[in-house]
Structure formats: structure tokens, C-alpha cells
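Residue-level structural notes
Listed below, chain by chain, are the residues.
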Amino acid sequence: MKPAKSKTPRKPLLKKGAQGSLKDPVGVYCRVRPLSFPDQESCIEVINETTVQLHTPEGYRVNRNGDYKETQYSFKQIFGTLTTQKELFDVVANPLVDDLIHGKNGLLFTYGVTGSGKTHTMTGSPGDGGLLPRCLDMIFNSIGSFQAKRFVFKSNDRNSMDIQCEVDALLERQKREALPTPKTPSSKRQIDPEFADMINVREFCKAEEIDEDSVYGVFVSYIEIYNNYIYDLLEEVPFDPIKPKWNSCNTPVRNTDFIPPQSKMLREDKNHNMYVSGCTEVEVKSTEEAFEVFWRGQKKRRIANTQLNRESSRSHSVFIIKLAQAPLDADGDNVLQEKEQITLSQLSLVDLAGSERTNRTKAEGNRLREAGNINQSLMTLRTCMEVLRENQMYGTNKMVPYRDSKLTHLFKNYFDGEGKVRMIVCVNPKAEDYEENLQVMRFAEMTQEVEVARPVDKAICGLTPGRRYRNQAFREELTRRLELRGGPVGVEQSATEILLQSFPPLPSCEILDVDDERTLSRLIEVLEKRHHVRRMMTEEFNKQVVAFRAMLQDFDNAILNKENFIQGKLSEKEKVISGQKAEIERLEKKTKTLEYKIEILEKTTTIYEEDKRNLQQELENQSQKLQRQFSDKRRLEARLQGMVTETTMKWEKECERRVAAKQLEMQNKLWVKDEKLKQLKAIVTEPKNDKPERPSRERDREKVSQRSVSPSPIPNAPPIRLRHRRSRSAGDRWVDHKPASNVQTETVMQPQVPHSITVAVANEKALAKCEKYMLTHQELASDGEIETKLIKGDVFKTRGGGQSVQFTDIETLKQESPTGRKRRSSTCAVQTQEVATDSEWTDVETRCSVAVEMRAGSQLGPGYQHHAQPKRRKP
């Protein structure tokens, strides 16, 4: 269940101290892994040591301008495909390990898509160890001779360390050794050959300026964050055969099935630092022992086979190295038994699970749920970075959503100023990962703008430095003197015993005979020698006493002189210190004044920036409003222009229609008058006895035709016989293309082509059988009459096996109304125009041979269409 959002508690202001204002950006590095195949397409190019360029691979979408988009991203340093693990460690991890030994925290995590080389960078491969084994090797190379005995430091469940004396630590070791299965691995055991090559680091690396008057203890823990739950990978889960375990199907599982450990909770210690409650912490004494613990937890880590990676990490793994440091006592023999003097620092090495798209990994079921949780936690990490960046750049105070994910909640202290943060972005340059790499690059570029406060230096204990080596030198000198005197090394003798050993031994004092004088004489001789030696030793002792007194006197004088000299120097130093203190106070006051001014300027800058953002927003709104108004204006102008054009055309056609109707009306009136005049003339001219006969139109038409024919200039000339020219294509076959939309006209002249194939739609089959092509096309002429065009062409075969038509000639067949001033004619290639006489147009029958029919839907005008058809005669 997703935890509810709540405000992260603030850290006490006293914790940051004077260095709270000093910040460093998050160090982001980029590592490009080699391609799997030499001929594989790459989308990443290393420009220089700090810049890479992404190319859009072939087949992907281009940008709006139609060009391939190329983007460049800058990092603190770029590591190419030929970079070794040693070079990467020296630049990225070496400073973090050095800070760890000097009491500062550090966070190093690898970020990238699935299959980009994150686990290889962190763990390494056989023969080429990664960052983790190299960090362990550097730690133990630096503190190897200064490590405390096992169980002198003892971890508790409050994210702190307890300290024990030598006796309690010895009892603890004996108790652990008596257990049948010791939890703590032994450094004397043989190294597992599975990872022996990984920890065999050839390059020796050691930290500088180690505190030699302290003892150290190293503790490691290994956890994983799986589906937003924290699990301890070093926890020994006992199996209870009595209580059955139930799986997701509500059925008891077998005894041989793996029982997953219980998830752990995050807690906050007294210093407001986050830690995993109940997590197993193992004390290790060597690189081999520490890596054996890591490898034991690595076997429990969740991995799965996906389409993108055969061994894809399905969880975020966190390997935590804690370094406990405690000073020696004033004699330099034992650890100072004060818990407040313990310095605890930790280095977290995080191997993040790869971000992935489910449509590429083909994940389903548990894999799909795992991918969703992985992407959700990475998205929360990105959101936290964005909020931190926004708060730092714009001076806002938005709440950072650390609690939305266990990953960000665990490491929130690092972003609040509890240590350095380093990130290695691993990328795979293959073209298939282009879109994922693009998102990774954008996140890395944004992360570089986040600043983290510098950690506070540890306090000095105040004891005399160099006490460890002075104590060792004293022991070595005492042992050397005892060896020179011949006494047993390590056995203290009194002054009386040493003095008695210097005298000659006494002979046997037993007298067996009364006349035995040799025994007494030997005894007297030995006693005299002893007395002589004693007197010489007394004189020598007195001389040494006098010399020692003189030496002590000289030593006292020298000490007095040195004290006087030191007192003078101290007085001078005190004056210098007092002057420096006054200068420091002055500088502090000046600093406070400048800080106050800077604060005022920052507030003013914030106000101005806010005003600038508001004005920019207002300007953008006004620009958008003007753009919308301009678009509406252009749209309205176009609409009005269209309406004006449409109205103009409409009224032009309406005017043409009204003029034509008016002309027809006048012609009809004129015809009626002519008809009346003709009838009146017939009545007047015809004899009264005959019955009047109505003139027929055929006779009038003949009369009109007789009046209109001009007399021949050559009388009695024989008729000229017109020669008919034979067409060149008389023997060719034609494709007569007559669309179905054509209107059947009632003209006398109709196009008739022999040897033709009539089709409504041109097709390849018909074209393949013919050599000629004719298209019958109809359209309305400017006077409203139907104009028929015969478009002729030759059919050619193409190289591809098809047919093409090349048009060669156009013939036009057109009908005209006699109301105009042009006579009706059949137009061919060459059209002839004749001038009509006035008498032809005065003939009523001729004028009325064309009627006007009004039909809806015509394009000539609103509701009219002209057709040439004979008008019905009146009865």
C-alpha cells in the first residue's frame, strides 16, 4: 500500500553549523558501454571528456522541420568504451572512500536503462573487479593495522554503536565460537573460487593521513528494495516445519520452498537520520570476508530473464559500509570507553534497477508489476530532484516528496547535507535504446543542477597525538634493555635481585674435619671480594648519584630556561592570537553584514524574478490573445471574401438570366406582331373568293432560305463535286470513350467512328486492342449551350508493358441559339462563319425554332438551364 504523504521533519539548524551555506553540486558521470556487435548501429558519440552527442537513428521520427535531431549533454566527466574499472574508481569512488575514513558519509548509485552495464560497473566481472570490491580493498589497505579486535564495537538497533572493553569482547568472541554455525564468517576460511578473481585487485590503493591514534571497525549490511518493500539479504530465515506456510493460492507450500524474509521498516534516529530497523550488520576484518558476505546476499537478490537482459535486476540493491572509529586512551593502550567519542560514517553503494518499457521487455504478470514499481520509484527520484532544483533556483519552499518511495525516503539525509552524492549514468549506445537514453540524459542533466550541503567535519577528541607510537616505542625499548642484561624478556626483576646477581657466589661452608682450614680461608677470601665489590659499587653509586644530581640540576636549569622561552613565545602567540581573534570578529561582523545584504538582494532578486515571470506570462497571454484575434480576423476576411465572391457570381448569373428572359420575351412579342402582320397581309393580298390559308412554317422556311441564298457569280456553271479526303486512320481500331454522365444531344451531326470499342471508363484491356483513342467530353459554353469536344489521340505501348495515350487533335461540336448574332454551324478542324441577312432574323419561324426551358439545378444561373429543342407550333 502506498504510504500517505506527510511533511518531512526539518533537521535542527545547529546540525549544519557554519558550513550550512557551503554547497556542492551532485557529481554526475557518464559511462558508455561497448556495443555487443561491431556492425551494430550506435546513437551516442563521445565529443570530448565532458560532452556526448545523441544522434537520431535511422527509422525514427524526425523533428518538425524534417531534419534529424542531434542533442548534446554535458557531464562532470565522460568515460568511453575503453575506460578501465581502475580509472573509473580513481575518479569517482576514491574520494568517497577517503571521506568515509575521515568520518564523512557518501552515496554512490548507478542509473540507466536495463542492460546498460550498471551491475558490471558496481560489482565487476571475474578478473576485473568493479567499484564495490575496490572500495573494500582501499578501506582495509588503509586501516588494516589499526583495526580493533572483533566485538569491541557492537552495533545496536538505534543506528549507533556501543563500545566494549577487551574482556567483554573476548567473552563475546568465545561465545560466538562455541556456536555450531557461527554467523560471522571467518577470515581464515578458503576464498570461494566463484568470486576470487573479482577481489584480486592488482593495484594497491590507500587513503592518506590516517588517524593513527584511533581504532576502526567495519560493518557491512546488504538490503534490496523490491516492489517498494525493503528486505534484508543477509538475514538468516529459520524454517519452521510445524507451522505451514501459505502461498498466493491459499495452499500450503512444501518444506523445500524458499520462504521470503519479512520486509523491514524505515526509522529515524535521534539525529534525524533514516535507517533500516532490524537490518543485519556483519563485522568484517578483510576484503575477502566482506565480499563473501556481499556474495551471500547477492545470491538472494531477485533477478529475472527479460527480452532486454538475460539477468535483469528486478530490485534496487543497497550495500552499506559502516566505519566505526574510536580514539585510544591517553596511554595509547586501550580504546577510550566513551560512547560519545565514537565517529560513525557510512558509504552506500546503490545498484538501481533499470528503467524499461514493457512493450520492449514483453513483461507480463509478476514481471509487469515489478517493472511498474521500478519505474514508479525512479519517477519519484526524478520528482524529488526536480523539486530540489526548483527550490534552490527559484527560492521556493515546496515539500520534497521523499516519502512517496522507500528509495528516496532512505537517502533523503544525503540530499539534506549528510554527505557527498555521486551518480554514474550508464548508457548503451545501441540504436534500440535511443528513446530511453534520451530520458536518462535529461534526468542526469537536471540532477547536476541540484546542490547538496557539505558535511560537517568531525570534532577533535583533544588527546595528545602520536600516543600509539610512543607507547609502542617504550615497549620496544624496555624489551631491548632486558635482552641486553640477559634477563628473561618480559619478567620484571627487583633491584635487590639484580644486585645479588652481581656478587661472586659463596663457596660451600660445611666443615667436616677439625684441621680443615681451606674452607674458612676460601670463605674469608670470598667475603673480602664481596666487601671489595660492595665498596666499589658504593663508590660508583655515590659517583653516579653525584653525576645524576648534577645532571638533574642541569636538566632543571634547561627546563627552566625552556619554560621561560616557551612563556615568552606563548605571550607572543597570545598577542598574535588576540589580534587574529579581533580580526576574526571584525570579519565575522563584516560577513554578517554582507550576508544580510546578500539576503536583502536575494529577496529583491526573488521579487524581481517573480515580477519578471508574471510580466512574461502576461506578455505571452497578450501575444496569444493577439494571435487568436489576428487568426479570427484573417478567417473572417477569408469568409467575407468568399461570401462576396459567391454573391457576385450569383447576381451576375441572375442578371444574365434576366437579360436572356427579357430578350426571349421581346422576341416572342415581336414574333406575335409579325404573325399578326403576316395574317393581315394574307387577308389583304389574297382574293376574297378563296379561303384564307394559314402559312406553313415549311413554306416560310423555304422562302427564307431562298431569300438568304446569294446568286451565283458564274451563271449556268456545272456543280463542283467535293472531294472526300480519306482519313489516315481509317483502318485503325478506336477506343470510343463516352462517359456515362454525357447528355444525348439531338443534333444532326453525331460522332460515328467505325471499328471502335465503346467504353464508359477507359481500361487497359480496351487500350491494348486499339491504336486510336477518342474521348467525348461535354461542357457548358459561355452562352449556356452544351459544347461537345472530341479529344483524339494515339495509343502507345510503354516499356513496363502498359499503354499510354498521346493526344493529337480536338474537334468541337456546338449548338448556338438563334437569338444571338451568330448562325448555327457544325465546327470541325476549321470553322466557317457566315454573315446572316436581316431578312433571316425577321422570319418568325426561324426565331422561334429554339425555345427556352427552365430546369432546376443549372450552373448557368439560379434555377435555369438552356436546351436546344423545337418549340411546339400553335394549333
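Right above here is the structure, for reference.
Residues numbered from 1 in each chain as written. Predicted model: local features only at pLDDT ≥ 70, side-chain atom pairs only at ≥ 80, totals over all residues. Heavy atoms only, no water.

**Here's the deal with the packing of helix α3 (residues 131–143) against helix α5 (residues 287–298)**
Two elements in contact, α3 and α5, have axes separated by 9 Å at closest approach and are oriented at 145 degrees. For α3 against α5, the interelement crossing comes out right-handed. Judged by residue contacts, Leu132, Pro133, Leu136, Asp137 and Phe140 of α3 engage Thr287, Ala290, Phe291 and Phe294 from α5. Looking at the contact of α3 with α5, its residues break down into 7 nonpolar, 1 polar and 1 charged. (Axes fitted to C-alpha atoms, helices over the stretch in contact; angles between N-to-C directions. Helix = DSSP H or I, 4+ residues; strand = E, 2+ residues; numbered from the N terminus. Left-handed = near helix turned anticlockwise from the far one by under 90°. Contact = heavy atoms within 4.5 Å. Nonpolar A, V, L, I, M, F, W, Y, C, P; charged D, E, K, R; others polar.)

**Considering the environment of Lys86**
Among the secondary structure elements, Lys86 is positioned in helix α1 (residues 85–101). A sequence separation of 43 residues divides Lys86 from Gly129, and the C-alpha atoms of the two residues are 8.7 Å apart. Among residues more than four places away in sequence, those in contact with Lys86 are Arg134 and Glu203.

**A few points about empty space enclosed by the protein**
Enumeration over the complete set of coordinates arrives at 7 cavities of 30 Å³ or more. In this structure, the largest cavity occupies an estimated 80 Å³ of space. Breaking the lining of the largest cavity down by element, the ones donating at least two residues are β7 (106–112) and α8 (406–410). Here the lining of the largest cavity is built from residues that sort into 8 nonpolar, 1 polar and no charged. (1 Å grid on protein atoms, 1.4 Å probe; cavity = no way out; pocket = protein on both sides within 12 Å on 5 of 7 lines; lining within 4 Å. Points joined across faces, edges and corners; volume = space filled by probe spheres on them.)

**Section: the pairing of strand β13 (residues 229–232)**
As paired elements, strand β12 (residues 214–226) and β13 share 4 bridges and run antiparallel to each other. Pairing of Glu224 across the sheet is with Tyr231, part of β13. The turn joining β12 and β13, which pair antiparallel and follow one another in sequence, is formed by 2 residues; a positive phi near 55 degrees is taken by Asn227. (Pairing = 2+ DSSP bridges.)

**A short note on the sheet that holds strand β25 (residues 772–780)**
Taken together, 5 strands build an open sheet; the order of strands is β24-β23-β25-β26-β27 and the sheet is mixed. Each edge of the open sheet is held by one strand with a lone partner, namely β24 (756–759) and β27 (803–814). Recorded for the sheet is a direction-independent mean angle of 25 degrees between the axes of neighbouring strands. Pairing geometry for strand β23 (residues 734–737) and β24, over 4 bridges, is parallel. Looking at the pairing, His737 lines up with Val759 of β24.

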